[in-house]
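Reading the structure
In case you want the letters, here they are:
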Amino acid sequence: MDRGDIEEAGEEEFPRLGGGKYRPVVAHDRAVVEMSSIDPGSSSSSSSLKKIKVVTPGEMGAGGREGHIPEDGVNGHQKESKLELFGFDSLVNILGLKSMTGEQIPAPSSPRDGEDISITQGHPKPAIKMGTMMGVFVPCLQNILGIIYYIRFTWIVGMAGIGQSLVLVLLCGLCTFLTTISLSAIATNGAMKGGGPYYLIGRALGPEVGVSIGLCFFLGNAVAGALYVLGAVETFLKAFPAAGIFRETITKVNGTAVAESVQSPSSHDLQIYGIVVTILLCFIVFGGVKMINRVAPAFLLPVLLSIFCIFIGMFLAKTDDPDTGITGLRLKSFRDNWSSAYQMTNNAGIPDPLGGTYWSFNELVGLFFPAVTGIMAGSNRSASLKDTQRSIPVGTLAATLTTTLLYVISVLFFGAVATRDKLLTDRLLTATVAWPLPLIVHVGIILSTLGAALQSLTGAPRLLAAIANDDILPILNYFKVADTSEPHIATLFTALICIGCVVIGNLDLITPTVTMFYLLCYAGVNLSCFLLDLLDAPSWRPRWKYHHWSLSFVGASLCIVIMFLISWSFTVVAIALASLIYKYVGLKGKAGDWGDGFKSAYFQLALRSLRSLGADQVHPKNWYPIPLVFCRPWGQLPENVPCHPKLADFANCMKKKGRGMSIFVSILDGDYYECAEEAKEACKQLATYIEYKRCEGVAEIVVAPNMTEGFRGIIQTMGLGNLKPNIVVMRYPEIWRRENLTEIPSTFVGIINDCITANKGVVIIKGLEEWPNEYQRQYGTIDLYWIVRDGGLMLLLSQLLLTKESFESCKIQLFCIAEEDSDAEALKADVKKFLYDLRMQAEVIVVTMKSWDIRSEGNSKEDSLEAFDAAQRRISDYLGEIKSQGSTPLLANGKQMVVNEQQVEKFLYTMLKLNSTILSYSRMAAVVLVSLPPPPLNHPAYFYMEYMDLLVENVPRMLIVRGYHRDVVTLFT
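A brief structural summary. (Residues numbered from 1 in each chain as written. Predicted model: local features only at pLDDT ≥ 70, side-chain atom pairs only at ≥ 80, totals over all residues. Heavy atoms only, no water.)

Bringing the packing of aromatic side chains into the picture now. According to the stated counting rule, one finds 34 aromatic pairs in the structure shown. On the numbers, 5.5 Å between centres and 70° between planes, the contact of Phe 311 with Phe 413 is edge-to-face. A residue pair is termed long-range when its members are at least 10 positions apart, and Phe 311 in helix 14 (residues 300-316) and Phe 413 in helix 17 (residues 388-417) qualify at 102 residues. For the pair formed by Phe 311 and Phe 413, the shared burial category is buried. Relative to Tyr 692, the ring of Tyr 689 lies with its centre 6.0 Å away and its plane at 40°, an arrangement referred to as tilted. Pair noted here: Tyr 689 and Tyr 692 are both in helix 27 (residues 672-692), with a separation of three residues, about one helical turn. Under the relative-accessibility criterion, Tyr 689 is labelled buried at 11%. Tyr 692 gets classed as exposed once you look at its relative accessible area, which sits at 63%. Through a chain of ring-to-ring contacts, three or more aromatic side chains come together here, namely Tyr 149, Tyr 150, Phe 153, Phe 368, Tyr 407 and Phe 414. The lysine or arginine in question, Arg 427, covers the ring of Trp 155, its NZ or CZ lying 5.7 Å from the ring centre. (Phe/Tyr/Trp six-rings, centres within 6.5 Å; stacked < 30°, edge-to-face > 60°. Helix = DSSP H or I, 4+ residues; strand = E, 2+ residues; numbered from the N terminus. Buried < 20%, exposed > 50% of the residue type's maximum accessible area, 1.4 Å probe, protein only. Lys NZ or Arg CZ within 6 Å of the ring centre and 35° of its normal.)

The following block contains the structure:
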């Protein structure tokens, strides 16, 4: 890099360490190219680095002209050397800021991850962002103020009365207010991406809960579109009765002497016009989404104007002016309408003693609640907000409080301006009292409802596409779209749902359905905040401080209570639907780790449980085997897998009904710095294989200079507290004689000695290739040769084997070794009593070995005698080689080898007697369990392998077990 290059680079804006703007850093930048071409180990690279000078804009200004590079001097050299020790760490940090947003994940769970967060560097064209008013407050207000307020609110006041209407408004308002508090906390705990409440709930409660509630919320939005369409059509037919194709005259019976006829739109008209309007809105959605986003705020102006005209009209109203039943704002009307008047109505809501619908407070909650929904509109636009951390809480809370106050005031005014009969029969009383013309309210209702319907038909498909793009459910792959594409298939599907609800044609039957789905979503938001706030993980740092887990809990409980108040049947259906989706996602969905709150809860529960277990020994009643499965094979692995398949099968046999944990470890020989990446990859492969074998356990790979050192580190450090492994499981090295006469015996004996020193149980599997899998049923017996006291580990293992399908047809035989014939009967009685107290079924057989003489057995022990003679010859040859060397060799522990030939003879003779006994009684056994003798002190590892080979000779399947200094079974309850 020459000086000209430096000066050219100095004309641009360089990144500053202390703050300020950052210049874009891309792959083809000069700094990146120079870094990639520098060899850190070369001297030329270090010399070239000294010539590089980074100049900030402030320095350029101080220098008098842009691009001026100060000459090297004392001060300049000090500036250069400030961060020399860190190399390029400062530049990596700048580049790494973007990866901290989540883009560094190699396999992101969502293609949308990271799309809304970027570091603006240099001078890109600024994107148009909205503030609190237009970005949050206006959309929320537009969604909250809708059809229910115009054509159902006065009817609700007439049916429930002013008193219970206030309770109704405050109850629903409290629910949305608490939900807004929870939403504000979650929304300010980090950047929000596409998906709205689905994204919030899914990232807080996990993909299963997120998808189930997200799909229900999608259905709620789709059904809400039908609600708005029907509201617009009903208002249109009320304003222009001549436009109706069908006419229907309904007779109102109100208990008076004169029956009054009330004209109501025909349900067929609602269906026909509703389908036509839905299709027209779909065409607009297909072709003009950008135009809708531009003109959406304009839909709010007719709403505000119509509300203003309604209140002006109520102030100017007089008795029977502008219509019969209007009293003006009178205290008498207020008192008359204070109490409730629940009664039977027909399908159109007109009071009729012969009607088929009875209205109560619970039903009115379901009818009114959609009038307070829409608080998620701001959070859905988080990508378009200048400051999401401020705009979402302030704008959403302002909209919620404003509309709740408007509803409270409206209840008081509506209850005082007309008679109860007028409130119950005039479904468009808001238009009747409006000043100067009812047409203003009609236009406001139609525009507001069509705008809300258009937003539903625009937002619901995007929610469905967001769920599909997360690639959790394969069945939703049809609705996937690229980031810049329109979700046409999802829009068509949403339109079909909307048309299906429009065909129902009854507004009062649709609203409870919408209410259930919205309440389910709000409950999910509250539960998300409750869980995150209660766990209080280090990552939980919301900017919105006015929250508490108790408020979220009350909000979630209130949502559930309101659901059951409205209709327990609808509630059961909604929860059942969400549960079915949850179960389906768990069975068919793809796993995704979004750092949800449940994972944090599991982590904290595990920590609390670990602390509660303490460091003391676990009581035998609570003892569980935690096997440390040593995957390092003594030979080649079949099919190039990271662990022998039969080791995983055996690990499953050590668990009762799958309860317990196994730790699969393998040792990678080499230097840690050189093999770290290889170890990580091997650990992933081992973990995948364990999961494939359906074995509950974890995988660990340790890099060590050799197997002995690696295992010694594992046995000392693996596990936490009382969750440390208590049994070491490994394969018997049957290949040691033909592979390596020195290394394998030394390593094998060292592992056993380490286990004894660390007070760990040992289970060695001989005949691993013959071990049955879960589908291979075994018959015969499980024979236990209980020689030494092992805390009951061998007995417990035999009982665990019986719980598996492969061994459940077997019976247990317990062989005890008595040295004297006179001890046999007493020993047998004691063992039977002991097994009875342990609730174990087994046949007890006592074998005496005092008078056993190998030479008197004739040909029955021919195989054992051949193995015995061969072992004697090999040991004699080994001792001859040692003597020929002229010096006593050292053992692995540094001690001198002491060979007592008479003692060696005794050890071989003992193994011969035990092997002959096993062959005599257990040749057809499904599996044989025998106590593991400890390696004799100061004996070569080669000798111990000869002893063990003589023990396992001609036994096809054997478990060699050694317990540790504690009981794992107990006699007491």
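What follows covers empty space enclosed by the protein. A complete count under the given rule lists two cavities of 30 Å³ or more for this structure. Quantified by volume, the largest cavity comes out at close to 40 Å³. Here the residues of the lining of the largest cavity are counted per class, giving seven nonpolar, one polar and two charged. The volume enclosed by the second largest cavity comes to roughly 30 Å³. Taken together, Ile 144, Thr 176, Val 372, Thr 400, Thr 403 and Thr 404 form the lining of the second largest cavity. The leading source of residues in the lining of the second largest cavity is helix 17, at three residues. A per-class count over the lining of the second largest cavity returns two nonpolar, four polar and no charged. (1 Å grid on protein atoms, 1.4 Å probe; cavity = no way out; pocket = protein on both sides within 12 Å on 5 of 7 lines; lining within 4 Å. Points joined across faces, edges and corners; volume = space filled by probe spheres on them. Nonpolar A, V, L, I, M, F, W, Y, C, P; charged D, E, K, R; others polar.)

One way to put it is that helix 7 (residues 132-144) packs onto helix 17 with a least axis distance of 8 Å and a crossing angle of 35°. Crossing geometry of helix 7 relative to helix 17 is assigned as right-handed. Residues Thr 132, Val 136, Phe 137, Cys 140, Leu 141 and Ile 144 of helix 7 form the contact with helix 17, whose participating residues are Arg 390, Ser 391, Ile 392, Val 394, Gly 395, Thr 396, Ala 398, Ala 399, Thr 402, Thr 403 and Tyr 407. A breakdown of the residues in the contact of helix 7 with helix 17 according to their chemical character gives ten nonpolar, six polar and one charged. (Axes fitted to C-alpha atoms, helices over the stretch in contact; angles between N-to-C directions. Left-handed = near helix turned anticlockwise from the far one by under 90°. Contact = heavy atoms within 4.5 Å.)

A surface patch of nonpolar side chains, about 660 Å² in accessible area, is lined by Ile 245, Phe 246, Ile 272, Val 276, Ile 279, Leu 280 and Phe 283. Position of Phe 283 among the secondary structure elements: in helix 12 (residues 267-287). What makes Phe 283 exposed here is its relative accessible area of 60%. (Patch = residues over 30% accessible without salt bridge, like charges linked within 9 Å, V, L, I, M, F, W, Y side chains within 5 Å. Areas by Shrake-Rupley, 256 points an atom, 1.4 Å probe, with all protein chains shown as cover. Salt bridge = Lys/Arg side-chain N within 4 Å of Asp/Glu carboxyl O.)

We now examine the sheet that holds strand 8 (residues 727-731). Taken in spatial order, the ten strands line up as 7-6-5-8-9-14-13-10-11-12 in an open sheet, and their pairing is mixed. Edge positions in the sheet fall to strand 7 (697-704) and strand 12 (843-848), since each of these pairs with one other strand and no more. Recorded for the sheet is a direction-independent mean angle of 20° between the axes of neighbouring strands. In this sheet, strand 12 lies alongside strand 11 (residues 811-818) in parallel orientation, the contact comprising six bridges. What sits directly across from Phe 815, in strand 12, is Ile 845. Contacts between helix 31 (residues 793-802) and the sheet are confined to strand 8, strand 9 (761-766), strand 10 (781-786), strand 11, strand 13 (927-931) and strand 14 (958-962), with strand 10 contributing the most and set at about 175° to the helix. This element, helix 35 (residues 941-952), spans strand 9, strand 13 and strand 14 of the sheet and lies at about 130° to strand 14. (Pairing = 2+ DSSP bridges.)

So, on to unusual backbone geometry. Here Trp 435 and Pro 436 are connected by a cis peptide whose omega angle stands at 0°. The phi dihedral of Arg 694 is positive, around 55°, even though this residue is not glycine. Relative to the assigned elements, Arg 694 resides in the loop between helix 27 and strand 7. Residue classification places Arg 694 among the exposed residues on the basis of a relative accessible area of 56%.

Enumeration over the complete set of coordinates arrives at 13 salt bridges. For Glu 808, the salt bridge identified is with Arg 777, shortest N-O distance 2.9 Å. On the criterion of sequence distance, the pair formed by Glu 808 in the loop between helix 31 and strand 11 and Arg 777 in the loop between strand 9 and strand 10 is long-range, its members being 31 residues apart. Using a relative accessible area of 43% as the deciding quantity, one classes Glu 808 as partly exposed.

Okay, the packing of helix 30 (residues 743-757) against helix 35 next. Direction vectors running N to C along helix 30 and helix 35 enclose 80°, while the axes themselves pass 8 Å from each other. When the axis of helix 30 is compared with that of helix 35, the two are roughly perpendicular. For the pair helix 30 and helix 35, contact is made by Pro 745, Ser 746, Phe 748, Val 749 and Ile 752 and by Ala 941, Tyr 942, Tyr 944 and Met 945, respectively. Among the residues forming the contact of helix 30 with helix 35, the class breakdown is eight nonpolar, one polar and no charged. (Parallel < 35°, antiparallel > 145°, perpendicular 65-115°, else oblique.)

Further remarks concern the environment of Pro 725. For Pro 725, the location among the structural elements is in the loop between helix 28 (707-717) and strand 8. As for Pro 725 and Tyr 624, which are separated by 101 residues in sequence, their C-alpha atoms are 9.8 Å apart. In contact with Pro 725, other than residues within four places in its own chain, are Ile 626, Leu 628, Ile 663, Met 718, Gly 719 and Lys 760.

Structurally, Thr 494 is set in helix 21 (residues 488-504). Once residues lying within four places of it in the same chain are set aside, the contact partners of Thr 494 are Phe 218, Ala 222, Leu 457, Ala 460 and Pro 461.

Shape is all these values report; function is a separate question.
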